[in-house]
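Descriptive structure summary
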Amino acid sequence: MAASHRRSHSGLVLDLEEVSVDDVATVGGKAANLGELIRAGFDVPPGFCVTTEAYRRAVRGSAVESGTITDAAAARAAVLDAAFPDEVADAVRDAYMRLEPEGGPVAVRSSATAEDLPGASFAGQQDTYLDVAGVDAVLDAVHRCWASLWTDRAVAYRAAQGIDGAGVALAVVVERMVDAESAGVLFTADPVTGRRGQAVLDAARGLGEAVVSGSVDPDHFVVDTTTGRILDRRAGGDGDPAASVTDAQVRALAALGDRVERAFGSPQDIEWAIDAEGRAWLTQSRPITTLFPVPVRDAPLPAAYTRIYFCVSLAQGLHRPLTPMGIAAFRVIGSGFLDLIGRRPARIADGPGAFAIGGDRIFVDATPVVRSAVGREIMPRALDVMEARSAVVLRGLFDDPRFSVLPSSRRRFVRGLLHLAVRIRLPLIIGQALFSPAAAQRRVQRLAREVRARDIPAGGDIPTRVDGVIDLLFRAMPLAPRSLPGAVVGFGMLGLAARLLRGSTQPGDLQTVLRSVPENVTTQMDLELWDVAVRARRDAESAAALRTRTPEDLAATYLAGTLPRVLQRAMANFLARYGHRAVAEIDLGMPRWAEDPAHLFGVLSGYLRLGTDAATPAQHFAAGARDAEAMVDTLVGRARRRSRLRAAAVSFCLRRARALVGMREMPKYLMITAMRRARAELADIGVGLAAAGRIADAEDVFFLDFDETKRAAAGTDMRATVRERRDRYDAELRRRHVPRMLLSDGTEPEAVGTGAASDRPGALRGTPASAGTVTAPARVILDPVGAHLEPGEILVAPSTDPGWTPLFLTAGGLVMEMGGANSHGAVVAREYGIPAVVGVARAIDTITTGVEVTVDGASGVVTISAADA
């Protein structure tokens, strides 16, 4: 019978029991999922699907046929004005009469090809019609569902998800109505905290659409799906003291949801209904797309033990996902660190067993640190400086009995520290920094020259060359820690000065001391890029090119060597020194500026929008240095009121701090320098693999890891693997929220705790990072590449790395979700004297581009204007 449906109506209508996930292009996500539920043995109301072929016939010859129309209202009108094809009407009529011979009520639901999918749920974006009875009413509902593909909300959602409208079509599900005593929605994981194994159920009497649409206040339950225990309950607001579902039904629904989750392999958002006989029906199931994937540990541990995962890549200023090769490089670098503390892994490419990957981001299992008395002393204090919000979240876990301190682990920690101290000659480096900052700076410059001189042996087959890349990254790792102690001593001196000055400082005083510190390689880079803009502004031809041509065109012309002479030469000189840097530069898979300088040309064009009478960044930097020296004198004067000895100690500490903290950028700079040669070698290997047909494009080598690259060289076709990873990577690029920490049960601790708002309405609280107050329009930027920041606007970003900092030169202020008082973004903001607040939870979700905000960098408060709040 099913086959005759296909033949007689040319694939215009299919029974739900015929379809599966393989038919998404034909029946859409909702119908495909319902078909899978039926195949898995779950109770689904019988029905049929009007396929996407029917939609395409209906819109053939209309303004929406190509799918590229952008006027949503015009698109809806075009669909509704189009005649309903006779053959489609016949097919729907026949299917409806087989389903409901008496013309009984049905639900008519939209099922788009881009909805209810793992990467995008499209929940509520298209229309649903309930209690539709009679053939004519069903045909009308189908027609209106087709038009709902072009609602304003659906068009905006597709644009936000990066889904091309030209490839989208709509199927329609027609299901027998359930005579529901109660209905509602079930999440098989907590959609707010992310907790897996904890079902959240909302229920109301009658149809579930009222719960979905939010038109009723439902009964609310939270259930532990492992034990069946109801953890929380809240009665709805209809005044009926009796719940819409019994406790037994709540447990049964939670267990049912757990089986559905296991069938689909991921947490689900389920719509259900219970009829008069107490039978539960599933009317819809789709993935919960907002949950962050639980990180998978490289060295698995028993699931019974809850782990704490800390996002290392986010802490490094990288909000976007990493390429597979970037993750592989991180593993090698992690092995290098373990070698420094005497715990070298058996296989260098495997990296630390504590590494975990989630959402193509790198996490590290921080559970041993939290369960160690020494770890509890050190890690939160380090985060106070570098990523203050994470320190708050981490301390919030200390009282959780699952993470109680284990018996003494001090001996293991001390042994590792001593091994590290010997390997990098720590006492000597600290002493040198204290007594001769200039000598410490010269030593760091020698390290930089040593890294630049390191190379990979020429020749050899691809596996040998890959091993050379691994060895280069592994050997470069020990050099980075050798450059860090000087900056650590500097921050230590600042902390000691703060103790000596206790009671004598105002908010922002010590931040001012750190303005415009010397020997900061990132600041030097930004100022040299500004110098390129100065040179270009003075040359009419170069200035015209920057003002009138796109960054992509300028980059292509530069690489061809045909830019105006002044701009070509200035950029060549800049890239000779900094071409190995990039946005998201800790990812080995990201192109370096020397390969693609489009971002830099966009920044240069922005610099030229700054008025000629405005103070230049170089002037700001010089003024910052003067302000810092003046503040040092002021603070020494305050200390002198207490004693001359205290004043001398404060002077020594503050001047040492200014001389040393600029070197904090060097560890990352050294690793990025080593990556330059590693990336070049892998890019060349990619050319060979592409020529051999093992990958489609040379850049695809960065979507493999080291072992896979060797397998490709041995003959394995990796093109399908790369396509799958690129699709996942592109989906992850659209993720707006990345958790600082995540538990292995999926819980995001920060979501469970309190928010970041201050006591003032419209205000957000973070960590003071750079003193000063500014009020200006906000510009929310998730990726600096191609970003447009007008001079004076307040930059709002999830996190930043050195690739972002050219934007700081003309920003009026900075707000970041990540970071601490001495994180990268905070340091550079102080260099340029722009007010900054960092560690502001949910900043990019709360602040929108164009709203007026006030940034108070001394108090750490960001206030949205009353008109926009």
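Residues numbered from 1 in each chain as written. Predicted model: local features only at pLDDT ≥ 70, side-chain atom pairs only at ≥ 80, totals over all residues. Heavy atoms only, no water.

Considering the overall build of the chain
Broken down by element type, the chain carries 34 helices and 24 strands. For the chain, the C-alpha radius of gyration of 30 Å lies close to 29 Å, the compact-globule estimate for 869 residues. Along the first, second and third principal axes, the C-alpha set of the chain runs to 100 × 65 × 60 Å. Taken over 869 residues, the chain has a buried fraction of 55%. Across the chain, contacts joining residues at least 24 apart in sequence account for 70% of those joining residues at least 6 apart. Counting only carbon and sulfur atoms, one obtains 53% of the accessible surface of the chain, whose full area is about 35,400 Å². Each charge class in the chain can be summarised by its mean position, and for the 101 positive and 104 negative side chains these summaries are 13 Å apart. (Helix = DSSP H or I, 4+ residues; strand = E, 2+ residues; numbered from the N terminus. Rg over C-alpha atoms; globule rule 2.2 N^0.38 Å. Buried < 20%, exposed > 50% of the residue type's maximum accessible area, 1.4 Å probe, protein only. Contact = heavy atoms within 4.5 Å. Areas by Shrake-Rupley, 256 points an atom, 1.4 Å probe, with all protein chains shown as cover. Lys, Arg positive; Asp, Glu negative; His and termini not counted. Charge placed at Lys NZ, Arg CZ, Asp CG, Glu CD.)

Thoughts on the sheet that holds strand β5 (residues 170-176)
Strand order in the open sheet formed by five strands is β1-β2-β5-β3-β4, with antiparallel pairing between adjacent strands. The two strands at the open ends of the sheet, each matched to only one other strand, are β1 (13-15) and β4 (128-132). Here the average twist between neighbouring strands, direction ignored, is 20 degrees. Pairing analysis gives seven bridges linking strand β3 (residues 106-112) to β5, with the strands arranged antiparallel. Bridge pairing links R109 to V173 in β5. Docked against the sheet, helix α2 (residues 24-39) engages β1, β2 (47-50), β3 and β5, running at close to 125 degrees with respect to β3. (Pairing = 2+ DSSP bridges. Axes fitted to C-alpha atoms, helices over the stretch in contact; angles between N-to-C directions.)

Concerning the environment of T227
Along the polypeptide, T227 turns up in the loop between β8 (219-224) and β9 (230-234). For T227, a relative accessible area of 56% gives the class exposed. Separated by 165 residues in the primary sequence, T227 and S62 have C-alpha atoms spaced 55 Å apart. Here the side chain of T227 touches R229 through a polar contact of 3.2 Å, landing on its backbone nitrogen. (Polar contact = N/O pair within 3.5 Å; in protein donor to acceptor, adjacent residues only side chain to side chain.)

With respect to the packing of helix α16 (residues 426-435) against helix α17 (residues 437-453)
Running from amino to carboxyl end, α16 crosses α17 at an angle of 130 degrees, the nearest separation of the two axes being 5 Å. As the angle between them shows, α16 and α17 are arranged oblique. The segment α16 lies against α17, with I429, Q432, A433 and F435 engaging P437, A439, A440 and R443. (Parallel < 35°, antiparallel > 145°, perpendicular 65-115°, else oblique.)

Examining the nonpolar core
Judged by nonpolar contacts, the single largest core of 97 residues is most densely connected at I308, I362, L473, L588, L654, L682 and F706. A total of 11 residues in this core trace back to one element, the largest contributor, which is helix α29 (residues 666-691). Sequence-distant contacts of L588, that is, excluding residues within four places in its chain, are made with M325, G326, A329, L473, M675, A678, R679, L682 and F702. L608, L610, W804 and L814 belong to the second largest nonpolar core, which has 47 residues in total. (Core = buried A, V, L, I, M, F, W, Y, C linked by side-chain atoms within 4.5 Å.)

Considering the sheet that holds strand β10 (residues 268-275)
Ordered by their spatial adjacency, six strands build an open sheet running β9-β8-β7-β6-β10-β11, and the pairing between neighbours is antiparallel. The sheet is open, and its two borders are formed by β9 and β11 (280-287), each paired with just one other strand. On average, adjacent strands in this sheet sit at an angle of 15 degrees to one another, irrespective of strand direction. In this structure, strand β6 (residues 180-189) lies alongside β10, joined through seven bridges in antiparallel fashion. Looking at the pairing, A183 lines up with A273 of β10. Each of β6, β7 (196-205), β8, β9, β10 and β11 is contacted by helix α9 (residues 247-264), which is oriented at about 135 degrees to β10, the strand it contacts most.

Examining the state of the cysteines
One pass over the structure, following the stated rule, counts zero disulfides. Free cysteine: C145, not disulfide-bonded; nearest cysteine sulfur from C49 at 11 Å. Judged by its relative accessible area of 0%, C145 falls in the buried class. (Disulfide = S-S within 2.5 Å.)

Focus on the pattern of salt bridges
What the rule picks out here adds up to 57 salt bridges. Measuring nitrogen to oxygen at the nearest pair gives 3.0 Å for the salt bridge that ties R740 to E750. Linking R740 in the loop between α31 (719-733) and β16 (741-743) with E750 in helix α32 (residues 749-752), this pair joins segments that are 10 residues apart in sequence. On the basis of relative accessible area, R740 is assigned to the buried category, the value being 5%. Look at the salt bridges and you will find they share partners, linking R109, E175, D269, E271 and R286 into a network. (Salt bridge = Lys/Arg side-chain N within 4 Å of Asp/Glu carboxyl O.)

Topic: the pairing of strand β23 (residues 852-856)
Taken residue by residue, a regular strand's side chains alternate between the two faces of the sheet. With burial as the criterion, only one face of β23 is covered, namely that bearing V853 and V855; the residues E852, T854 and D856 on the opposite face remain uncovered. As defined by bridge partners, strand β19 (residues 773-780) adjoins β23 across five bridges and the pair is classed as antiparallel. Bridge pairing links V774 to V855 in β23. Connecting the antiparallel pair β23 and strand β24 (residues 861-864) is a turn made up of four residues, with G860 showing a positive phi of about 80 degrees.

Regarding the side chain of R297
Within the fold, R297 resides in strand β12 (residues 296-297). A polar atom in the side chain of R297 sits 3.3 Å from the backbone oxygen of G353. Polar contacts involving the side chain of R297 include one to the side chain of D365, which spans 2.9 Å. Sequence-distant contacts of R297, that is, excluding residues within four places in its chain, are made with Y309, G353, A354, F355, A356 and D365.

Shape is all these values report; function is a separate question.
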